[in-house]
Amino acid sequence: MKALVYQGPGKKSWTDVPQPGLLNPTDAIVRVDTTTICGTDLHILKGDVPAVQEGRILGHEGVGTVMEVGDGVHDLAVGDRVIISCIKSCGHCINCRSGLYSHCLGEEGAAGIGWVFGHLIDGTQAEFVRVPYADNSLYKMPDGVSDAEAVMLSDILPTGFEIGVQAGGVKPGDVVAVIGAGPVGLAAVMTAGLCGAATVIAVDLDPSRLEQALDFGATHTVVSGSPGWRDQVLALTDGAGVDVAIEAVGVPETFVMAVDVVRPGGSVANVGVHGRSVELHLEDLWIRNISISMCLVNTSSTAMLLRLVTQHKIQATKFATHHFSFDEFPAAYDTFTRAAETKALKVIISRK
């Protein structure tokens, strides 16, 4: 089969690799029908995730068809259309039982690490993928949900909602600033209303991204490179700052921006994947009663979000800006890497 293989920092190739087979009774083999590229894949290619070894098949998002199941799989059958969750879940360890799937203690990949696809085991940017703990790591797709909608539930929608909106403690009537209007930031913008946010301010350097943010549910936008951008944000509050600031980029500068616009007693929810250390000025923050959260997505909200997508209450297809076939993987990566120029949000890569 063909797969997108990591070959060290800055190097990748769409090449022939052995087709996966069942290793454990709880495995399933899924034919990948649609996949996509995540900003985390770009971090890997930069060398920011040293646990990813050369030869690893990248990708942790996908939609496909079950082709084979192990004897220990009870809730899935050959032919089922499924969403591949970016997080494994054995379903029975103490962390999984408490909903902390991101730290599943199942031995697949590594005990205590839920994100294994394209990280510690081969991922979804391939024609076929082995899915461990299939009963708990796959979600059956209802009729009427397209692949382009469903693939957004592998990662970005649960990530934006759980790590940004829920972890930030968004409440009815809150003013929320989302710093970074990339795909995950826009997922936070799109789902902030589920918890009652009254005002959602999208902050980004790129005016075209901010224009898109309005279509995703932002009530206001601020160009972060403009003079007085912070004053513009504060002017949309009572002057004290936002109730929740969601950092969705993953660089020190944007984390500092989030801290700078949050009100006393407010929350900063860090969503971005940071490859460099960030200076945290506790000597200034302690007196402001600021809460700071950071986490890896658990995907505990996936089933709920899938229901909302099925009922067209979340317009997931808005993320899908570019479409490619599997043999166009290099072009898809090029388009996604140059998102500021191409205006790409999520590139959809599907079988012909």
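Preceding this paragraph is the structure being described.
Residues numbered from 1 in each chain as written. Predicted model: local features only at pLDDT ≥ 70, side-chain atom pairs only at ≥ 80, totals over all residues. Heavy atoms only, no water.

### Structural notes on the layout of surface pockets
Applied cut-off: Put simply, the grid is 1 Å and covers the protein atoms alone, a cavity is a trapped set of points that fit a 1.4 Å probe, a pocket is an open set with protein on both sides within 12 Å along at least five of seven lines, and lining residues have an atom within 4 Å of a point. Grid points are joined across faces, edges and corners, and a volume is the space filled by probe spheres set on the points. Charged residues are taken to be Asp, Glu, Lys and Arg, nonpolar residues to be Ala, Val, Leu, Ile, Met, Phe, Trp, Tyr, Cys and Pro, and polar residues to be all remaining types, Gly included.
Empty space within the second largest pocket amounts to approximately 210 Å³. In terms of lining residues, the second largest pocket is bounded by 16 residues, among which Pro18, Pro20, Ile57, Asp122 and Arg130 are the most central. Residues of the lining of the second largest pocket, tallied by class, amount to 10 nonpolar, 4 polar and 2 charged.

### A look at the packing of helix α1 (residues 39-46) against helix α12 (residues 329-337)
Note the cut-off: For helices, the axis comes from a line fit to the C-alpha atoms of the stretch in contact; other axes are also lines fit to C-alpha atoms, and the angle between any two N-to-C directions lies between 0 and 180 degrees. Where helices and strands are cited, they refer to DSSP runs of H or I of at least four residues and of E of at least two residues respectively, numbered from the N terminus. For classification purposes, angles smaller than 35 degrees are called roughly parallel, those larger than 145 roughly antiparallel, those between 65 and 115 roughly perpendicular, and all remaining angles oblique. By definition, residues are in contact when any of their heavy atoms lie within 4.5 Å.
Their axes nearest at 11 Å, the elements α1 and α12 cross at an angle of 95 degrees. Regarding the angle of α1 to α12, the classification is roughly perpendicular. Facing α1, whose interface residues are Gly39, Asp41, Leu42 and Leu45, α12 presents Tyr333, Phe336 and Thr337. Here the contact of α1 with α12 is composed, by residue class, of 4 nonpolar, 2 polar and 1 charged.

### Here we look at the side chain of glutamate 162
Note the following rule: For the exposure calls, accessible area comes from a 1.4 Å probe over protein chains only, and a residue counts as buried if that area is under 20% of its type's maximum, exposed if over 50%, partly exposed in between. Just so you know, the count uses Lys and Arg for positive and Asp and Glu for negative, and it drops His and the chain ends. Note on definitions: salt bridges are taken to be side-chain nitrogens of Lys or Arg within 4 Å of carboxyl oxygens of Asp or Glu.
Within the secondary structure layout, glutamate 162 lies in helix α5 (residues 156-166). For the buried residue glutamate 162, which engages in no salt bridge, the nearest side chain bearing the opposite charge is arginine 307, 12 Å off. Setting aside residues no more than four positions away along its own chain, glutamate 162 makes contact with Ala167, Val297, Asn298, Thr299, Ser300, Ser301 and Thr302.

### Notes on the pattern of salt bridges
One side chain can pair with another of opposite charge once the charged atoms of both are near each other. With the rule as written, the count across this model stands at 16 salt bridges. The closest approach of N and O atoms between lysine 171 and aspartate 174, which form a salt bridge, is 3.5 Å. Residue glutamate 253 pairs with arginine 276 through a salt bridge whose shortest N-O separation is 3.8 Å. One end of the pair, glutamate 253, is in helix α9 (residues 252-261); the other, arginine 276, is in the loop between β12 (262-270) and α10 (282-285), and 23 residues separate them in sequence.

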